[in-house]
Amino acid sequence: EEEDNKKKKKKKMPKGPFASSVGVGRAEPEWASLNEVTGLCGRDEMRLSGETTEAPMVPSEATMSGECGTVDVPDDGGFDLLIVGAGLSGAVIAERCSKELNMTSLIVEKRNHIGGNCYDFVGNEGIRCSKYGAHLFHTKFQRVWEYVQNFSEWMPFDHRVKGRVEDQNKELKLVPIPPTRETVNALFNANVNTDEEMQKWYDEQRVVPKSVDGQPRNGEEAALSRVGPLLYEAVFKHYTKKQWDKYPEELDASVLLRLPCRVTTDDRYFSDPWQALPRRGYTRIFENMLFNDKNIQIRLNCDFFELKKANALPKHKLVVFTGQIDAYYASLGMPKLEYRSLEFENTYMEDPEDGYFQEAMVVNYPSSSVPFTRIVEYKHTPNQPSERPLPRGTLIAKEYSTDVGEPYYPVPNPENRSLYEKYAALAAKEKGVCFVGRLASYKYFNMDQAILNALEMYDNMKENGTLEPKRRPEDFGPVDGPK
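Notes on the structure in this doc start here. The numbering scheme is per chain: residues are counted from 1 as the chain's sequence reads. Selection of residues for local features in this predicted model requires a pLDDT of at least 70, selection of side-chain atom pairs for listing and counting requires 80 or more, and totals for whole chains, interfaces and linings are taken over all residues. Based on all heavy atoms of the structure, the side-chain values leave hydrogens and waters out of the count.

## A few points about the overall build of the chain
A tally of regular secondary structure across the chain gives 16 helices and 20 strands. Throughout, radius of gyration means the C-alpha value; the globule benchmark is 2.2 Å times the number of residues raised to the power 0.38. At 24 Å, the chain has a C-alpha radius of gyration in line with the 23 Å of a compact globule built from 483 residues. Each principal axis of the C-alpha atoms in the chain carries an extent, and together these give about 80 × 60 × 35 Å. Counting all 483 residues of the chain, 55% fall into the buried class. Residue contacts are defined here by distance: any two heavy atoms, one from each residue, within 4.5 Å place the two residues in contact. Pairs at least 24 residues apart make up 73% of the contacts formed inside the chain by residues separated by at least 6 positions. Here the chain displays about 22200 Å² of accessible surface, and carbon together with sulfur accounts for 49% of that area. In summary, the charge assignment counts Lys and Arg as positive and Asp and Glu as negative, without counting His or the chain termini. To locate a charge, take atom NZ for lysine, CZ for arginine, CG for aspartate or CD for glutamate. The average position of the 64 basic charges and that of the 74 acidic charges among the side chains of the chain differ by 1 Å. By the criteria applied, helices consist of DSSP H or I runs no shorter than four residues and strands consist of E runs no shorter than two, each listed in order from the N terminus. The buried label goes to any residue with under 20% of its type's maximum accessible area, the exposed label to any with over 50%, and the partly exposed label to all in between, with areas taken from a 1.4 Å probe on protein chains only. Reported accessibility uses the Shrake-Rupley method at a 1.4 Å probe radius. Residues are deemed covered only where the shown protein chains occlude them.

## Points about the pairing of strand β11 (residues 172–177)
Pairing of strand β10 (residues 161–166) with β11 involves six bridges; the strand directions are antiparallel. Residue pairing in the sheet places K162 in a bridge with P176 of β11. When DSSP finds two or more bridges between two strands, those strands count as paired. Taking the residues between adjacent antiparallel strands as the criterion, β10 and β11 are bridged by five residues, where K170 takes a positive phi near 65 degrees.

## Re the pattern of salt bridges
Note on definitions: salt bridges are taken to be side-chain nitrogens of Lys or Arg within 4 Å of carboxyl oxygens of Asp or Glu. Enumeration according to the criterion identifies 31 salt bridges in this entry. R279 is the partner of E54 in a salt bridge, and the nearest nitrogen-oxygen pair spans 3.7 Å. Of the two residues, E54 sits in the loop between α3 (45–48) and α4 (61–64) while R279 sits in the loop between β12 (274–278) and α11 (282–290), which places them 225 residues apart along the sequence. The exposure class assigned to R279 is buried, which follows from its relative accessible area of 13%. One salt bridge in this structure joins D351 and R392, with 2.7 Å as the shortest N-O distance. With D351 in the loop between β15 (339–349) and β16 (362–364) and R392 in the loop between β17 (374–377) and β18 (394–402), this residue pair connects regions lying 41 residues apart in the sequence.

## Here we look at the environment of L439
Mapped onto the elements of the fold, L439 is located in helix α15 (residues 438–441). Not counting the four nearest positions on each side in its chain, L439 is found in contact with T322, G323, Q324, I325, Y339 and P407.

## A few points about the packing of aromatic side chains
Any two of the Phe, Tyr and Trp rings considered here, Trp counted by its six-membered ring, make a pair once their centres fall within 6.5 Å; the pair's planes then place it as stacked at under 30 degrees, edge-to-face at over 60, or tilted in between. On inspection of all chains with the given rule, the structure shows 24 aromatic pairs. Each ring, one from W201 and one from Y202, has its centre 5.7 Å from the other, and the planes form 70 degrees; the classification is edge-to-face. The residues W201 and Y202 share a single accessibility class, namely buried. Centroid distance Y339 to Y442: 5.2 Å. Interplanar angle 80 degrees. Geometry classified as edge-to-face.

## With respect to the packing of helix α8 (residues 195–205) against helix α9 (residues 219–244)
Angles run from 0 to 180 degrees between N-to-C directions of axes, and those axes are lines fitted to C-alpha atoms, restricted for helices to the stretch in contact. The geometry of α8 relative to α9 is characterised by a closest axis approach of 7 Å and an angle of 85 degrees between their N-to-C directions. On the basis of their axis angle, the class for α8 and α9 is roughly perpendicular. When α8 is examined against α9, the residues W201, Y202 and Q205 are found in contact with a partner set consisting of R226, V227, G228, P229, L230 and L231. Classification used: nonpolar for Ala, Val, Leu, Ile, Met, Phe, Trp, Tyr, Cys and Pro, charged for Asp, Glu, Lys and Arg, polar for all others including Gly. A per-class count over the contact of α8 with α9 returns six nonpolar, two polar and one charged. Roughly parallel means an angle under 35 degrees; roughly antiparallel means over 145; roughly perpendicular covers 65 to 115; every other angle is labelled oblique.

Written as structure tokens, this is what we have:
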């Protein structure tokens, strides 16, 4: 009977949002103390000027018009920059070139909002959520952290992910992802209690690749060399298949070579020194960057290619293209680059027990028994609107990986790399066009990497007049990729 009671207690969800003794959205004290964001910081200019709403602003009719006939074209030869895409890369370049060089920009965006995939909003029920999946800001680049504080207030947030994973008896257990000591103990009865014991467990599990040089030749060999067969089967194998529609052995070793191997009790998803959420959402960052700047004009619902074909683009000196590089050259009839996308199944639950559906903001489902990869519950985040009390209900988003829809993740394999190099060679010769960002580089960038890449390209513009990167995309370090 005592054992049954223990099981019932384990299944009972904690009340309220995912939290620790440090606060909502924070890790346990030992690990929360590593986050150098210790409290509310940064500057929200719109808030300071009297704007009280925490939802995105409604753009003007001209901005939403879908055409460029009403833009105020500068007299001195047109816009300095015609920026295609209102995501991070385009916004940073427009903002920097305006503030420091007094350059003019027209941003054209095919969607009906600014912010690219970072766009978030407050739904009818009063919950702040993301249109294109959860975004978690984290960085090791001090320059990026100092830069983003100019456009938002920020609050500390230690992203922690749980996974609903089958143990050896096929029972579902809620465990930390990436795996920690708690994970292997719950799933495999490993009885690991110290960092040294965890390291020993990994050492005994790992499978050295059979190649002559000992290097993994594909994703499966990479995963087995990092975490061993038990964690590979339970956590990574089928999750990878769901994300990429390919088993690990069909993917480059690089995809799984960076699987995190924690030996401590640190259950944070990221280890960067600055981890935070924008107090009033990501869209507010873009509003502060782009709105109320006399040098920047924006036109939403505008398809660059259609406007170009109709000869309806205003006069400009340089195109900054942040879209898919293969789309730019579609008329050449070359093969398309391969991307993975995401579909979201959003459900509003009117009356969940204790007001929440699940134990954490993000719960991953690595097994093949369900088709979705994870469920996100936005109500857990501490940057929910404070204008009114949160509703009793909650919004959940099931995520499905697909090969149709908005491009999210480049598919890393030799065929795609070879094809991209052909596109890159064409882009290098393209006069009057600069290709910027993850879609143009066929390389997944974390938010901070996209910002740093754009800042460094701006540096080149300032120093020698050319908008060119200072480092190769692969030199920015590891990326989160599909979560």
